[in-house]
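Chains, contacts and geometry: an overview
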Amino acid sequence: MSVYKEKTWSAPEILADLKEVRAKAPLTHVLTNIVVTNWTANVLLAAGASPAMVIAEEEVSDFAAIAGGVLINVGTITSFDAKAIKAAAIAAQKAGTPWVLDPVAAGALRYRTEIATELLNYKPTVIRGNASEVLALAGASGGGKGVDSTAKSSEAVDIAKELAARTGAVVAVSGEIDYITDGKETIAVPGGHILMTKVTGVGCSLGALIASMLAVQKDRLQAAVSASAVFGHVGAIAAKKSQGTGSFAVSFLDELSNLAS
Amino acid sequence: MSVYKEKTWSAPEILADLKEVRAKAPLTHVLTNIVVTNWTANVLLAAGASPAMVIAEEEVSDFAAIAGGVLINVGTITSFDAKAIKAAAIAAQKAGTPWVLDPVAAGALRYRTEIATELLNYKPTVIRGNASEVLALAGASGGGKGVDSTAKSSEAVDIAKELAARTGAVVAVSGEIDYITDGKETIAVPGGHILMTKVTGVGCSLGALIASMLAVQKDRLQAAVSASAVFGHVGAIAAKKSQGTGSFAVSFLDELSNLAS
Amino acid sequence: MSVYKEKTWSAPEILADLKEVRAKAPLTHVLTNIVVTNWTANVLLAAGASPAMVIAEEEVSDFAAIAGGVLINVGTITSFDAKAIKAAAIAAQKAGTPWVLDPVAAGALRYRTEIATELLNYKPTVIRGNASEVLALAGASGGGKGVDSTAKSSEAVDIAKELAARTGAVVAVSGEIDYITDGKETIAVPGGHILMTKVTGVGCSLGALIASMLAVQKDRLQAAVSASAVFGHVGAIAAKKSQGTGSFAVSFLDELSNLAS
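Residues numbered from 1 in each chain as written. Chains lettered and ligands numbered in written order. Predicted model: local features only at pLDDT ≥ 70, side-chain atom pairs only at ≥ 80, totals over all residues. Heavy atoms only, no water.

Further remarks concern the relation of the copies chain C and chain A. By a simple turn and slide, chain C fits onto chain A: the slide is 0.0 Å along the axis, the RMSD is 0.0 Å, and the turn is 120 degrees. Taken together, these values place the two copies in the relation of a three-fold axis. Minimal C-alpha separation from the rotation axis in chain C is found for Ile34(C), amounting to 4.1 Å. Mapped onto chain A, only 8% of the interface residues of chain C are again interface residues, and the two copies thus contact each other with different surfaces. (Least-squares fit on C-alpha atoms with pLDDT ≥ 70 in both. Contact = heavy atoms within 4.5 Å.)

As structure tokens, then:
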């Protein structure tokens, strides 16, 4: 059992956050990797947000300034994308738009680790990753096998707290239990299902939903907790209704779109 | 009730167009945004067309010349893509290949609005967009929230007629009712379902199907009407068979692939 | 009936290969086209492999060296991608990482045909394509309609054998029957279903699964046969359980993820 305070879907503040996303359909600016673009758009639509994948260097600054939240995910970043991604982070910080950094595979590959580390200068509101990624971004040896973590989320909590304290970001470590911390307070979000690791992009789309939540919930820790709790709940229900990894992905969208809030 | 002549799926000329797409499997050259590439390919395959996403500047001119129809969608255009997209439009015009322009989020973002406007020089056969996009492309204030329209399709009909008259393109305004006009004749296509706006890429893939239809139906107004009517019909059936947004997308492809023509 | 020795899913060595993929979850480095990226990741996850789409020129060499297998697919290659793709092929050869070349639409378009031909210098372990692509890569007139073959797989077997003998690669020709040859031995893999050609990316993801198989099976001919036989079996079952092209794709992933090995 976790030593941290637990929150799950049944908490009224989480339902309230989802209700607010649906009421306001916050414009969510998504710069993510090419593997999960379609899936992420469909996850945000199912949640009730309004996703827009604006990636041109010529457009990202204006768009990050008017969006309700921004996601920056370095999963398939190239030198071409890097310019736009930095511009978006700078514009989000300047405009006060909350933004989420997802340092996919940080630690496993030097180029993206350096970019993700540089992006910390632009003060992400939330950092979301698996244990290996969070450890790597914090400067610890993260390990990681490609895009998968080789560490458990519980093993990264202490480092996550330090990273949060040092950067001013809320840090969300995804795993069998999600740990979300602002350096002082740490919340454990249990739930979910192993199938969530057998469909590509579930973690990436969680980062996007945090960005949508940040648009309607100013308490950053709560926003990240709400998105994680929604995912844990939906993942567990969808797993029961599915016959394999293909129908799990379909059911995940169905259940998210039908979730009573 | 619309003041315009209505057409729906049951019209024999629409069934005939779909039958022709299936018989000829027209090679459809798709330059679209990274969010909907996979979905668009699967929609065209379900309809019986032969999609090919050829995007390299080195290849687009040759391919646009041999394709039966071309779709150009600026949804995630960058400065790198812009060169290939212009080359494709120029080659399509030169070769007499019909082509569809989808000015995604025109009006909301300056860079793509300028590119979409410039593309009008190469005489798109059909322009397809939501009301905000059509208004913006016509030079009117389009509004638009990211990729979503803030205007109703009925509010854009008069401007769409002017845009059609001025550019020589058929203009298809998507919405609760689709309005399709060549500047003189205007057809209203009712049908569809709200779920079509809760899955990413439905409108984008309609543009692609119009390109496939143009390969087999020389009457451009009819080609755009046929594609819209097929989508309206399939969307309505799929909505009845689905349990949420995920299964709606799956059912949409199932119903399209099974549609008797 | 084929004059070649046939192998299907029921062969114990094929079950053993799949079991090994699931046990080791080989890190599979995928450089593929933008149409099928998500689908390919989900296919590899359903098979039990660990896919990673690493595409930056700055990262591909390091990653190809540590991966268990690499897929290079030229389906939507641009001049930007070409640099990374060549670097990945060179690094794979140097590190001794087995790699698969999928020359999508070779023959139909000159630019990619030249690139695919140049990639032969870096000694692909396996070449997988449809008949038109294999014929074109071998220097024969391949035909091809966009990404679709205009020749039958049986018509390309002799040329495939020559290509294998000349390049040192195993050549896998996909079609109604798959033919897989190292120039001396040729195996026919029947099975599959016509629906596999109505969903985008089935062939492309087969190339990816071959790369995963190569990570655990040093006999290259056997690795390619095992992947093809798994696909043929899963495709046939999924077709029975589906109601159209949309649910076929979902069932394909379900059945692959549930396949007893």
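So that's the structure; there's more coming.
Once that is clear, we can look at the interface of chain A and chain B. Taken together, the contact pairs 25 residues of chain A with 27 residues of chain B. Surface buried jointly by chain A and chain B totals about 2,100 Å² across both partners, of which 62% is contributed by carbon and sulfur atoms. The largest contributions to the chain A side of the interface with chain B come from Leu45(A), Glu59(A) and Phe80(A), which together make up 23% of the buried area. Summed over the shared surface of chain A and chain B, the result is one salt bridge. A salt bridge links Glu59(A) to Arg112(B), with the nearest nitrogen and oxygen atoms 2.6 Å apart. Breaking the side of chain A that touches chain B down by element, the ones donating at least two residues are helix 2 (37-47), strand 3 (50-52), helix 3 (57-66) and helix 10 (245-258) of chain A. The element that contributes the greatest number of residues to the side of chain A that touches chain B is helix 2 of chain A, accounting for six residues. A per-class count over the side of chain A that touches chain B returns 15 nonpolar, six polar and four charged. (Buried area = accessible area lost by both parts, 1.4 Å probe. Salt bridge = Lys/Arg side-chain N within 4 Å of Asp/Glu carboxyl O. Helix = DSSP H or I, 4+ residues; strand = E, 2+ residues; numbered from the N terminus. Nonpolar A, V, L, I, M, F, W, Y, C, P; charged D, E, K, R; others polar.)

The geometry of an aromatic ring pair comes down to the distance between the two centres and the angle between the two planes. Going through the model one piece at a time under the given rule, you end up with 15 aromatic pairs over all chains. Here the aromatic rings of Tyr4(C) and Tyr179(C) are separated by 5.8 Å at their centres, their planes lie at 75 degrees, and the arrangement is edge-to-face. A residue pair is termed long-range when its members are at least 10 positions apart, and Tyr4(C) in the segment before strand 1 (5-6) and Tyr179(C) in strand 8 (residues 178-181) qualify at 175 residues. As far as burial versus exposure is concerned, Tyr4(C) and Tyr179(C) are alike and both buried. An aromatic cluster of three or more residues is present, and its members are Trp39(A), Phe231(A), Phe248(A) and Phe252(A). (Phe/Tyr/Trp six-rings, centres within 6.5 Å; stacked < 30°, edge-to-face > 60°. Buried < 20%, exposed > 50% of the residue type's maximum accessible area, 1.4 Å probe, protein only.)

Right, let's get into the environment of Ala164(B). All names here are of chain B. Within the secondary structure, Ala-164 is located in helix 7 (residues 157-167). A sequence separation of 93 residues divides Ala-164 from Ser-257, and the C-alpha atoms of the two residues are 32 Å apart. If we ignore the near neighbours within four places in the chain, the residues touching Ala-164 are Ala-169, Val-171, Thr-181, Asp-182 and Gly-183.

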